[in-house]
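# Summary of structural features
Next come the chains, spelled out residue by residue.
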Amino acid sequence: ITITFIMKLAIVFAALIASSMGAVFFEENFGAGWEDRWVQSTAKGDEAGAFVASAGKYFNDAEADVGIQTSTDARFYGLSAKFDDFSNKDKTLIASFVVKHEQDLDCGGGYFKLFPAGLDQKDMTGDSQYNIMFGPD
């Protein structure tokens, strides 16, 4: 498994927009202190990799284009952040993220998953229960 991609997940997870007024419930640009807002899963033990902040190989502005990047090929990666409860009942929900793949991938992908509130973030795996999942593979 070769995974090296940048998730400028500017997770403009743009938002989990839950109303016509465009309320943003979660947004991340991976600036200073991002490590304090996110929990990296250690469920895979020695096979787990760690995300690092980087603008990657190709960027316009090294500071403004920082996202997160996998640090080692052939590892398992999981990263999660909590946000306040919300309801989008009878409202449109929009969730998005940006991925910049910088190498040919034999196997792997970057996914966005919206987990239930009770997720054990340190023990998150690909088999953890989720409510929404999408992304390139």
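None of the values given here were measured: they were computed from a predicted structure.

## Comments concerning the packing of aromatic side chains
The geometry of an aromatic ring pair is captured by the separation of the ring centres together with the interplanar angle, meaning the angle of the planes. Across all of its chains, the model carries 10 aromatic pairs by this definition. Taking 4.8 Å as the distance between ring centres and 40° as the angle between the ring planes, the aromatic pair formed by Phe112 and Phe134 counts as tilted. Of this pair, Phe112 sits in strand β7 (residues 112-114) while Phe134 sits in strand β8 (residues 132-134), and the two are 22 residues apart along the sequence. Given a relative accessible area of 5%, Phe112 falls into the buried group.

## Overview of the nonpolar core
In this structure, Phe26, Phe30, Trp34, Trp38, Phe51, Ile68, Tyr77, Leu79 and Ala81 together form the largest nonpolar core, which totals 9 residues. Ignoring anything within four residues of it in the chain, the contact list for Ala81 reads Phe26, Arg37, Trp38 and Gln121.

## Quick look at the confidence of the model for the protein
On average, residues of the protein score 80 in pLDDT, and 80% of them are at 70 or above. Ignoring residues within four places in sequence, the model shows residues 1-20, a span with pLDDT below 50, making 109 contacts including any to other chains.

## Observations regarding the environment of Gly45
Inspection of the secondary structure puts Gly45 in the loop between β2 (39-40) and β3 (51-54). Distance in space between the C-alpha atoms of Gly45 and Asp123 is 9.9 Å, their sequence separation being 78 residues.

The rules behind each value
Per-chain numbering applies: the sequence of each chain, read as written, is numbered from 1 onward. Where local features are concerned, this predicted model is filtered to residues with pLDDT of at least 70; where side-chain atom pairs are given and counted, the filter is 80 or more; whole-chain, interface and lining totals use all residues. Excluded from the side-chain calculations are hydrogens and water; all other atoms, namely the structure's heavy atoms, are used. Ring pairs are drawn from Phe, Tyr and Trp, using the six-membered ring of Trp, whenever the two centres fall within 6.5 Å, and their geometry is named by plane angle: stacked under 30 degrees, edge-to-face over 60, tilted for the rest. Helix and strand labels come from DSSP, where a helix needs a run of H or I of at least four residues and a strand needs a run of E of at least two; each type is numbered from the N terminus. Only protein chains enter the accessibility calculation, which uses a 1.4 Å probe. A residue is then buried if its area is under 20% of the maximum for its type, exposed if over 50%, and partly exposed in between. The criterion is simple. A nonpolar core is a set of buried Ala, Val, Leu, Ile, Met, Phe, Trp, Tyr and Cys residues joined through side-chain atoms within 4.5 Å. In what follows, a contact means two residues having at least one pair of non-hydrogen atoms within 4.5 Å. Confidence of the prediction at every residue is given by pLDDT, a number between 0 and 100.

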